Each structure stands twice: as structure tokens, then as C-alpha cells.
Amino acid sequence: MTTPSTALLTDRYELTMLQATLRNGTAQRRSVFELFARRLSGGRRYGVVAGVGRALDALADFRFGEPELAWLREEGVVDDDTIAWLADYRFTGSIWGYPDGEIYFPQSPVMIVEGTFAESVVLETLLLSVLNHDSAIATAASRMITAAGDRPCIEMGSRRTHEAAAVAAARAAYIAGFAATSNLEAGRTYGIPTTGTSAHSFTLLHDTEREAFEAQVQSLGPGTTLLVDTYDIPEAIRAAVDLAGGELGGVRLDSGDLVALARTVRQQLDELGATRTRITVTSDLDEYAIAALAVAPVDGYGVGTSLVTGSGVPTSGFVYKLVSRADDDGQMISVAKRSADKVSVGGRKYALRRLGPDGRAEAEVIGVGGTPVHDDNDRPLLVELVRDGKRIHSESLEESRDRHRASLAELPLPARQLSKSDPVLDTVYEETPA
């Protein structure tokens with residue numbers, strides 16, 4: 001089966017810029033683009049990188065086939081010379097970046113793309129759309145995991161977002177520590193554990209709640225999780241335990257005062273001998289609601305709308321800027337934008353996390369033109385993703401999860417607070433020799 005091209009997942013001005021540079025001879029100038037955030041959206045204390053693996057997958061499919069070229073020709077988007085150039089497009093440059101699961105801060109060079117201007121500029125929209133979405137979801141998910149402590153979170157937001165975004169959101173949430181997803185395509189594509197049992201419609205289909213529970217237990221076994229708040233919760237708990245006994249796997253609460261309900265349900269379950277039955281709560285949870293439930297006897301959380309919308313921060317605010325290019329003599333020079341409130345720092349960047357003697361992060365250090373001076377315990381952040389057009393970085397989601405866990409653990413403790421604040425680490429620039 002032919003893989004769909006990602007080449008038109010872009011903005012028109014990428015190709016009109018390309019056409020102009022092909023005409024004036026600047027298309028082949030060596031260039032360095034940098035993807036970064038000027039600030040952390042939503043007053044977050046740190047950000048989480050996610051989407052790198054998806055971006056590299058999309059890059060592999062960034063090809064202008066005949067259907068794409070024919071449409072560009074028919075619509076008059078670019079001229080014939082540009083269409084001929086696009087027909088042979090292959091990215092031949094190099095890409096470095098923060099890998100999935102890594103923490104980032106304002107000005108962190110999350111991705112660095114090196115190549116000709118022409119082959120690099122056309123990737124702007126694709127890379128931004130993937131990383132802006134996925135990193136926003138991962139950042140929200142990380143905050144939720146922190147609020148949840150050792151209680152697992154399940155991603156269940158598919159019905160609250162675009163169908164393709166739902167799969168990407170499940171991947172990003174899993175990187176940040178979510179235990180499972182309700183989305184089957186995410187399970188198939190990325191190997192994320194899937195979970196789910198029934199909705200209120202299943203209960204309403206049957207003449208009585210007991211009949212619904214009996215059907216579910218017979219089908220899925222006594223270890224299933226029963227939704228108990230369709231009618232009367234105490235009556236539902238009694239019926240559930242009567243049918244499944246102490247082997248009842250779990251009950252789910254999806255409405256009401258969840259803290260108070262969890263306490264009364266836990267007490268009732270224990271009195272009926274179902275001491276190992278787990279309580280999962282859902283119902284429009286975000287990191288603040290999860291934190292409030294820390295005092296309740298809850299065993300896990302199902303999170304939907306707030307997760308897939310970034311908990312009110314649906315984009316990471318990443319931009320993609322030219323920071324260095326060749327001059328007429330072929331020498332690389334720094335370039336930077338100076339517009340008010342949108343200033344960028346020119347030059348090819350190198351990044352490390354400065355760690356103290358105790359292994360705790362102290363600063364995000366960005367070297368301009370070369371690697372910053374560091375001691376033995378400072379941690380380099382950039383990894384090589386693509387070399388000479390060939391992907392060389394690939395890792396499992398488990399590796400990304402481990403990286404995020406370790407990166408979060410080295411941050412100062414205020415990083416775990418949910419209130420709005422300045423970034424927990426300062427970003428420090430160091431001018432270094434190339």
C-alpha cells in the first residue's frame with residue numbers, strides 16, 4: 001500500500017519562498033534553522049518534547065508525487081521550474097534535536113535543521129505542526145502524572161479531538177507517563193496498552209443494571225471494571241459485588257462529588273468484602289482536579305478533554321527561524337530577527353543541562369557557535385536525528401518514557417507545582433568558539 005505523502009501538509013508561502021530563491025540563486029545557500037519556543041505557554045514551569053519520532057516518520061514521506069505536483073500545477077501555486085525542483089525533492093541535510101521525553105525551556109534549541117535554504121524551509125510547517133501539538137499534550141500529561149503520584153492515568157480523549165490528533169495525543173501522553181489509552185489505533189500503531197469496558201449506554205440497553213453487570217462479567221470476567229453511577233451508586237455496588245464477589249476488578253465513577261463518592265464507595269466495597277476492588281474516576285479531570293483527589297481513596301484516573309487540548313494550552317508556541325546562513329563567499333554568518341517581542345538569537349546552537357553536585361538541574365545552557373564549557377556531570381541535550389538525509393535516530397516509546405522520568409526527576413522540586421510561574425530553570429547563553 002502506498003504511504004500518503006506529507007508534502008502538502010504545509011503552508012503556501014513555503015513554496016512561494018522556494019520559487020523566489022530558485023529564481024534569484026539563493027536557494028542553495030547553506031542554512032541553519034532552529035525550532036524553539038520564546039516562552040513557555042500558559043505559565044508552565046517546564047515543557048516536554050514529544051513528536052520527534054512522528055516528525056521523522058513524516059519527513060520520510062515528504063515527497064512530491066504526481067498527484068501533489070498536478071494539483072500545484074493546476075492551482076498555479078508555483079511555476080514550472082519550481083514544480084520540476086519539487087519532483088526531485090529529497091532532504092539531504094542533517095537534523096539535531098531534543099529527543100522525545102526530554103524537558104525543554106524558553107530558547108531551548110529543540111530542533112536544528114541544517115541544509116540548503118530550499119530543502120530546509122519547506123519543512124517548517126510540517127515540523128511545527130507535529131511538535132507544537134504533541135509537546136503541548138505531553139506537557140499537560142506530565143503535570144497530570146505529577147499530580148497523580150503513584151496512581152496510574154489512562155488517556156481517553158479520542159472523542160474530544162480530531163481522529164488523527166487522538167492517536168498522536170495518546171502517543172504523547174504515553175511518553176509523559178500515562179499507563180494506557182482507550183484508542184485502538186494508538187495501540188496498533190505504537191504498541192500502547194489499551195483499556196476500556198463499557199459506557200452508560202450499555203447499562204441503559206438492559207432492563208436492569210444488574211442484568212447489564214451480569215452480561216459484562218460473563219463476557220469479560222469478574223476482573224472487569226463496572227460503571228456504577230448510571231442510577232443509584234450504593235445499589236449498583238451491591239449488585240456488582242454480589243455478581244463478582246471479592247474478585248471484582250474495579251468500579252468507575254464518572255459524575256458527582258468524586259472525593260466524597262470515592263470515600264463512600266471505598267467504605268461500602270470494604271464492608272462487602274471487595275477490599276481489592278479498585279476505584280477509577282473520570283469526568284472532565286485535569287491536573288488540578290487530580291491533585292484535589294489526592295486525599296480520596298482513588299486508584300486511578302481516566303483523562304479525556306483536558307489532556308487532548310493541552311489542559312487549556314493547546315500549542316507549545318514553537319517557531320522555526322533561520323539563525324545562520326552562508327554569505328556570498330560561502331562563510332556561515334549569524335542572522336536573527338529583531339522585531340519587538342519576537343527577537344531571536346542568531347548562530348548555530350548547542351545545549352546542555354547544567355547539573356549541581358547533587359545531580360539537580362541548575363540551568364539550561366545554550367552555546368552559540370560551539371559546545372558550552374561543562375564539567376563531567378553536565379548533560380548534553382541534543383542528539384543527532386538525521387545525517388546527510390538519512391534517519392539515524394530511532395527509539396522505543398519505553399526509552400522515551402524512561403528519559404522523561406529521569407529528566408523530570410533532576411529538576412528542582414518547584415517544577416512539580418501546578419501554579420503559574422516563571423520557568424523553573426533559567427536559560428543562559430554562552431558565546432563559544434566554533
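Computed from a predicted structure; not experimentally measured.

## Remarks on the pairing of strand E14 (residues 349–355)
Step number 1: Most of E14 is tucked away, with 5 of its 7 residues classed as buried.
Step number 2: Alignment of E14 against strand E15 (residues 361–368), held across 7 bridges, turns out to be antiparallel. Of the residues in E15, the one forming a bridge with leucine 352 is valine 365.
Step number 3: Taking the residues that link successive antiparallel strands as the turn, the E14-E15 hairpin has 5 residues, and the phi of glycine 359 there is positive, at about 85 degrees.
Step number 4: Bridge count between E14 and strand E16 (residues 379–380): 2 bridges; the pairing is antiparallel. Along E16, the bridge assignment pairs arginine 353 with arginine 379.

## Observations concerning the sheet that holds strand E3 (residues 94–97)
Step number 1: Taken in spatial order, the 7 strands line up as E13-E12-E1-E5-E3-E17-E18 in an open sheet, and their pairing is antiparallel. The two strands at the open ends of the sheet, each matched to only one other strand, are strand E13 (332–334) and strand E18 (390–391).
Step number 2: Of the pairings in the sheet, the one linking E3 to strand E17 (residues 383–387) comprises 3 bridges and is antiparallel in character. Across the sheet, residue isoleucine 95 finds its bridge partner in E17, namely valine 386.
Step number 3: Strands in contact with helix H2 (residues 52–60) are E3, strand E5 (111–116), E17 and E18; relative to E17, the strand with the most contacts, it is inclined by about 10 degrees.
Step number 4: On top of the sheet, helix H6 (residues 124–148) reaches strand E1 (30–37), E5 and strand E12 (318–326); it is set at about 140 degrees to E12, its chief contact.

## Digging into the pattern of salt bridges
Step number 1: One pass over the structure, following the stated rule, counts 25 salt bridges.
Step number 2: With a closest N to O distance of 2.9 Å, glutamate 185 and arginine 188 form a salt bridge. One end of the pair, glutamate 185, and the other, arginine 188, are both in helix H8 (residues 184–190), 3 residues apart, so they sit about a helical turn from each other.
Step number 3: Under the relative-accessibility criterion, glutamate 185 is labelled partly exposed at 32%.
Step number 4: Here arginine 354 and aspartate 378 are joined by a salt bridge, their closest N and O atoms 3.5 Å apart. In this pair, arginine 354 sits in strand E14 while aspartate 378 sits in the loop between E15 and E16, placing the two residues 24 residues apart along the sequence.
Step number 5: On the basis of relative accessibility, which here comes to 22%, the residue arginine 354 falls in the partly exposed class.

## What to know about the packing of helix H10 (residues 209–220) against helix H11 (residues 233–244)
Step number 1: Viewed as axis vectors pointing N to C, H10 and H11 meet at an angle of 35 degrees, and their least axial separation amounts to 10 Å. Classified by chirality, the crossing of H11 by H10 is right-handed. Contact residues: Glu209, Arg210, Phe213 and Glu214 in H10; Ala236, Ala239, Ala240, Asp242 and Leu243 in H11.
Step number 2: Classifying every residue of the contact of H10 with H11 gives 5 nonpolar, no polar and 4 charged.

## Details of helix H4 (residues 80–87)
Step number 1: Every buried residue belonging to H4 is among Thr82, Ile83 and Leu86, and all of these are buried. For H4, the angular spread of the buried residues around the axis is 100 degrees, confining them to a single face. Exposed and oriented more than 90 degrees from the buried face of H4 are Asp80 and Asp81.
Step number 2: At its buried positions, H4 is contacted by helix H1 (12–24) and helix H3 (66–75).

The rules behind these values
- Per chain, residues are indexed from 1 in the order of the written sequence.
- At least 70 in pLDDT is required for a residue's local features to be given in this predicted model, at least 80 for side-chain atom pairs to be given and counted, and no such filter applies to totals for whole chains, interfaces and linings, which use all residues.
- As a rule here, side-chain values come from all non-hydrogen atoms in the structure, and water together with hydrogens is ignored.
- Relative accessibility under 20% of the residue-type maximum defines a buried residue, over 50% an exposed one, and the middle range a partly exposed one, all with a 1.4 Å probe and only protein chains included.
- Only DSSP runs of H or I reaching four residues or more are called helices, and only runs of E reaching two or more are called strands; each is numbered from the N terminus.
- Think of it this way: DSSP has to see at least two bridges between two strands before they count as a pair.
- In this description, contact between two residues means that some pair of their heavy atoms is separated by no more than 4.5 Å.
- Comment: axis = line fitted to C-alpha atoms, over the contacting stretch for helices; angle = value between 0 and 180 degrees taken between N-to-C directions.
- Salt bridges are defined by distance alone: a side-chain nitrogen of Lys or Arg within 4 Å of a carboxyl oxygen of Asp or Glu.
- By the definition used in this description, the sense in which the near helix is turned from the far one sets the handedness, with an anticlockwise turn below a right angle giving left-handed and a clockwise turn giving right-handed.
- The residue classification treats Ala, Val, Leu, Ile, Met, Phe, Trp, Tyr, Cys and Pro as nonpolar and Asp, Glu, Lys and Arg as charged. All others, Gly included, are polar.
- This arc corresponds to the set of directions leading from the helix axis out to the C-beta atoms.

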